[in-house]
Amino acid sequence: MPKIAKEQRLKRILFMLSIIGPGLVTATAGNDASGIATYATVGAMFGYKMLWGLFLITISLAVIQEMAARMGIVTGKGLSALIREHFGVKMTFFAMITLLIANLTTTIGEFAGIAASLEIFGISKYISVPLTALFVWYIINKGSYKKTEKFFLALMVIYISYIISGFLAKPDWKEVLKNTFVPSFSFNSSFILIFIAMIGTTITPWMQFYLQSSVVDKGVDVKNLKYQRWDVFLGAFWTDFIAFFIIVATAATLHKHGIVIETAEDAAKALQPLAGKYASALFAIGLFGASLLGAHILPLSTAYAVTEAFGFENGLNKKLKEAPVFYGLILLFIVIGAGVILLPNIPLIKLMIIAQEINGILLPIILIYMLKLTNDKEIMGEYVNSRTFNIIAWITVVFIIILTLILLVEPFLGI
Amino acid sequence: MANVTSFYLSRVIGNKVYSEDKKVLGKLQDLIVDAKNIRPKVIAAKVKSGKNVQIVDFSFFIIYKEKGQYVIETRNLKPIDVQKEDTIMLVKHILDKQIVDMNGRKVVRVNDIRLAILSTGVYIIAVDIGLEGLLRRLGLAKPLKKVLKPLGKSIPSRLILWDDVEPLASPHSDLKLSTTYSKLSTLHPSDLADIIEELDKKTQAYVFSTLDEEKAADVLEELDVEAQRNVLESLPVEKAADLLEKMPADEVADILDEIKEERAEELLNEMEKEASEKVKELMDYPENTVGSIMTTDFIAFTTHFTVEQTIQELRRLKPDPDEIYYLYVIDNEERLCGVVSLRDLVISEPQTPLYEIMSRNVVYVKDMDNVNSLVEIISKYSLLAVPVVDDDKRLIGVVIINDIVYELLKVRKKLV
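Rules of the game
Residues numbered from 1 in each chain as written. Chains lettered and ligands numbered in written order. Predicted model: local features only at pLDDT ≥ 70, side-chain atom pairs only at ≥ 80, totals over all residues. Heavy atoms only, no water. 1 Å grid on protein atoms, 1.4 Å probe; cavity = no way out; pocket = protein on both sides within 12 Å on 5 of 7 lines; lining within 4 Å. Points joined across faces, edges and corners; volume = space filled by probe spheres on them. Helix = DSSP H or I, 4+ residues; strand = E, 2+ residues; numbered from the N terminus. Pairing = 2+ DSSP bridges. Axes fitted to C-alpha atoms, helices over the stretch in contact; angles between N-to-C directions. Patch = residues over 30% accessible without salt bridge, like charges linked within 9 Å, V, L, I, M, F, W, Y side chains within 5 Å. Areas by Shrake-Rupley, 256 points an atom, 1.4 Å probe, with all protein chains shown as cover. Salt bridge = Lys/Arg side-chain N within 4 Å of Asp/Glu carboxyl O. Lys, Arg positive; Asp, Glu negative; His and termini not counted. Charge placed at Lys NZ, Arg CZ, Asp CG, Glu CD. Buried < 20%, exposed > 50% of the residue type's maximum accessible area, 1.4 Å probe, protein only. Polar contact = N/O pair within 3.5 Å; in protein donor to acceptor, adjacent residues only side chain to side chain. Contact = heavy atoms within 4.5 Å. Buried area = accessible area lost by both parts, 1.4 Å probe. Core = buried A, V, L, I, M, F, W, Y, C linked by side-chain atoms within 4.5 Å.

Some details on empty space enclosed by the protein
Taking a probe equal in size to a water molecule and rolling it over the atoms shows the remaining empty space.
Residue and element names in this part refer to chain B.
Here comes step 1: Across all of its chains, the model carries one cavity of 30 Å³ or more by this definition.
Here comes step 2: Quantified by volume, the largest cavity comes out at close to 70 Å³.
Here comes step 3: For the largest cavity, the full set of lining residues is Asp297, Phe298, Ile299, Asp322, Glu323, Tyr325, Tyr326, Tyr328, Ala385, Val398 and Ile400.
Here comes step 4: If you list the elements that add at least two residues to the lining of the largest cavity, you get strand S16 (326-330) and strand S20 (395-400).

Structure, rendered in structure tokens:
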């Protein structure tokens, strides 16, 4: 008897592992170039002061990603198709414009990451950026993107070194713990902007579309919803666990010495307790992997979302002529993303953070659509949002909107 | 006041509904058509007044144009009962949803719907799937046209006649057509497969389950691996097993190789023993061996059969076209000893036994040979099919050129 129980348990574990994937992959990919730059800046500028924010964001992230995954499982449809079918053309257009702006700025951020990481190795952006742009276009067209994805994800494992570095830098753990659970806030625009950027890089509009499509792609059955939930929660926890240590490591090293992050090399210094003189190289490889993955995902997922919403032909198995809008959007994103970086004297790190600020400001729009959909009984049946989920998601929405409003009126109030 | 003969749905939805003495009665939310006719007529309207939504008889409605705007007028709002099975709500079920364009044989999204006003009523005539419809909904079509006109350009518009439209009900919607997907089942299986591949997974399984068994088996064969997997995993076991029994064993083996092991086993157990054993044998062959792609559905005759008997037997069996490229001849121990072509049969005297006209020089392959060797043999001897034998030279299967082409394409796709 016990043997059978054991076998069953083993089977269940194996089954769980087979479902795990979309949530973890999406969340990990969310720690992209702009994410790293934002977290590092958070730590360098404000020390441990924003850790409480990250703690709360993690809960929001888990809840919101779960909504996207649940929608994908229950309806079998992507987010943009659902938006189109239930809100009509005008509202879809609005959602897609939002997504386009947010994703385009993020794509620019990814190319900034590519330029910044390779500059550490002394490669000029005028060489690295056009070459990677061509590479991205090539991989997408060859259709081998899914395989490449795993390779880039593997490169991002390097960020585990932040965890070790965070310990070696001997932070004041009491201070860390206190700041994780006790909020502190200051009403100046740089604090608010960075705070919005931190939300914007952790919970992004693109991640919702991407995650829902991945879940649909995987074809998980409704009865296995609870396993998918664990995948999503694990992803949210894991990505913010790394974010937490990036902030701790940069706070303990850079903030303590008053270093402001202006270049990628500044951000790499936080890894010095672990890697010493190799810190820059280690950081550069990780950042490169993260940026390159983002530079693939963003054009591709945007093109899928927009064509799905408006009924244009899409898919990598179609030829360029058969799906001109689909490929056109991908190309446009790569060209603009890379093109902006090639402008002379553009501040790379700053650009990555601006991208996240825009993402953060636009996030509530997408979240409101998601909330409407996940509360619709006709779409979700018995799987509509629970009260707790609604409260957490709405608090997130309202909180970001309030931050944005403060940001808008702050210059006039002179606080 | 100007009469109109046709209009777009988007131009009237959301408009106010007036009484004859110009009092506002409510807002038009939806139009309901009877789905039984080829040219469906609008029979009811959904009107919202305040918080009250009601379905009312459309025969009291008139639509006309005043100062460029559509005016909806009705003598009264008389509630009417409509049957869900025989009606379609245009906004709820068609607008913005995916439909199948039967002429273009693909899935498209509906941007707008064109209706015609005839003396006998209002009818749907076409759906708009083009860019113009999209822009019209955004309120951008008219201004853009004005800008483009002097340049001699226009916005492409694409209408599909309603006759060529098959609405798709998703499992969640309450659209229930009395004759579900009757148009779809007239399509060629590979066209239908292309369409099903483009749908979301739930709708895929739903559409599939409404096809009759013969059609479903043909379509299943043509689907891509992903869709096959989805369909077989979401259909009830008995139904899926019935489908598989109708398919050639080699195709079944290919499909079962791709789905979850547990489910494959379940299906094999549910299938008839004879059919499932054939499949199991094929599944045992390692990948890249001839055995893994051969079909076990072939026709063979023993050496003493006469030409007449052979032809009679063929008439009885009515084999598929690709099964009678070559007729293999075997001895009493099922060993391959010759091949006869249809030509040989036709030009010979009825009483001639097969061993007299067969060619003894048969090109064959062994079941454990590599697939690559097949390509060489087939192109070298310009064959349409190759017999497969086991170690004792017993005839156990045939590889048809189609399967090899498929195999080659698969390899190429993997490389890409």
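Topic: the sheet that holds strand S17 (residues 336-341) of chain B
Whenever strands of a sheet pair, they do so through backbone hydrogen bonds, lying parallel or antiparallel.
Residue and element names in this part refer to chain B.
Here comes step 1: Reading across the sheet, the three strands line up as S15-S16-S17 and stay open at both edges, with mixed pairing between neighbours. A single partner strand is all that each edge strand has here, and the edge strands are strand S15 (300-302) and S17. Each strand axis lies, on average, 35° off the axis of its neighbour in the sheet, ignoring direction.
Here comes step 2: Bridging between S16 and S17 involves five bridges; their strand directions are antiparallel. Bridge assignment links Val329 to a residue of S17, and that residue is Gly338.

Section: a negative patch on the surface
Residue and element names in this part refer to chain B.
Here comes step 1: On the surface, Glu238, Asp242, Glu261, Glu262, Glu265, Glu266, Glu270, Glu272, Glu274, Glu277, Glu281 and Asp284 cluster together to form a negatively charged patch.
Here comes step 2: Breaking the negative patch down by element, the ones donating at least two residues are helix H8 (237-245), helix H10 (261-270) and helix H11 (273-284).
Here comes step 3: In terms of residue count, the dominant contributor to the negative patch is H10 (five residues).
Here comes step 4: By the secondary structure assignment, Glu272 is in the loop between H10 and H11.

Topic: the side chain of B:Asp200
Here comes step 1: Here B:Asp200 shows up in the loop between helix H4 (189-197) and helix H5 (201-210).
Here comes step 2: One buried charged residue, B:Asp200, forms no salt bridge at all, with the nearest opposite charge on A:Lys77 at 4.2 Å.
Here comes step 3: Engagement of the side chain of B:Asp200 in a polar contact is seen with the side chain of B:Thr203, the distance being 2.9 Å.
Here comes step 4: Apart from the residues lying within four places of it in its own chain, the contact partners of B:Asp200 are A:Thr75, A:Gly76 and A:Lys77.

Digging into the interface of chain A and chain B
Here comes step 1: Counting residues at the interface gives 28 residues for chain A, matched by 21 residues for chain B.
Here comes step 2: When chain A packs against chain B, the two sides together hide about 2000 Å² of surface, and 50% of this comes from carbon and sulfur.
Here comes step 3: Contact with chain B buries area across many residues of chain A, yet A:Arg84, A:Glu85 and A:Val89 alone supply 26% of it, more than any other trio.
Here comes step 4: Remark: the boundary between chain A and chain B carries four salt bridges.
Here comes step 5: Measuring nitrogen to oxygen at the nearest pair gives 3.0 Å for the salt bridge that ties A:Glu313 to B:Lys106.
Here comes step 6: The interface formed by chain A and chain B holds 10 residue pairs in polar contact (both at pLDDT 80 or more) in total.
Here comes step 7: Listed by contribution, the elements that provide at least two residues to the side of chain A that touches chain B are helix H4 (51-75), helix H5 (79-120), helix H11 (205-218), helix H15 (279-310) and helix H18 (377-380) of chain A.
Here comes step 8: Top element by residues in the side of chain A that touches chain B is H5(A). It accounts for seven residues.

Considerations on the nonpolar core
Here comes step 1: With 139 residues, the main nonpolar core has A:Phe111, A:Tyr159, A:Tyr162, A:Phe283, A:Ile341 and A:Met370 as its most contacted residues.
Here comes step 2: Per element, the largest residue contribution to this core is 16 residues, and it comes from H15(A).
Here comes step 3: Look past the residues within four positions of A:Tyr159 in its chain and what remains in contact with it is A:Ile36, A:Ile242, A:Phe283, A:Gly286, A:Leu287 and A:Ala290.
Here comes step 4: Formed by 66 residues, the second largest nonpolar core is a distinct cluster that contains B:Val100, B:Leu235, B:Tyr285 and B:Leu383.

Here we look at the pattern of salt bridges
Here comes step 1: This structure, assessed with the given rule, holds 25 salt bridges over all chains.
Here comes step 2: Measuring nitrogen to oxygen at the nearest pair gives 2.7 Å for the salt bridge that ties A:Arg229 to A:Glu66. Placement of the pair is A:Arg229 in helix H12 (residues 225-255) and A:Glu66 in helix H4, with a sequence separation of 163 residues.
Here comes step 3: A residue is classified by how much of its surface remains accessible, and A:Glu66, at 2% relative accessible area, is buried.
Here comes step 4: The salt bridge involving B:Asp191 is made with B:Arg105; its shortest N-O contact spans 3.1 Å.

Quick word on the pairing of strand S11 (residues 112-118) of chain B
Residue and element names in this part refer to chain B.
Here comes step 1: Summarising the sheet, strand S1 (residues 6-8) and S11 pair through three bridges and their orientation is antiparallel. Bridge pairing in S11 links Phe7 to Leu115.
Here comes step 2: Bridge count between S11 and strand S12 (residues 121-128): seven bridges; the pairing is antiparallel. Of the residues in S12, the one forming a bridge with Leu115 is Ile124.
Here comes step 3: Taking the residues between adjacent antiparallel strands as the criterion, S11 and S12 are bridged by two residues.

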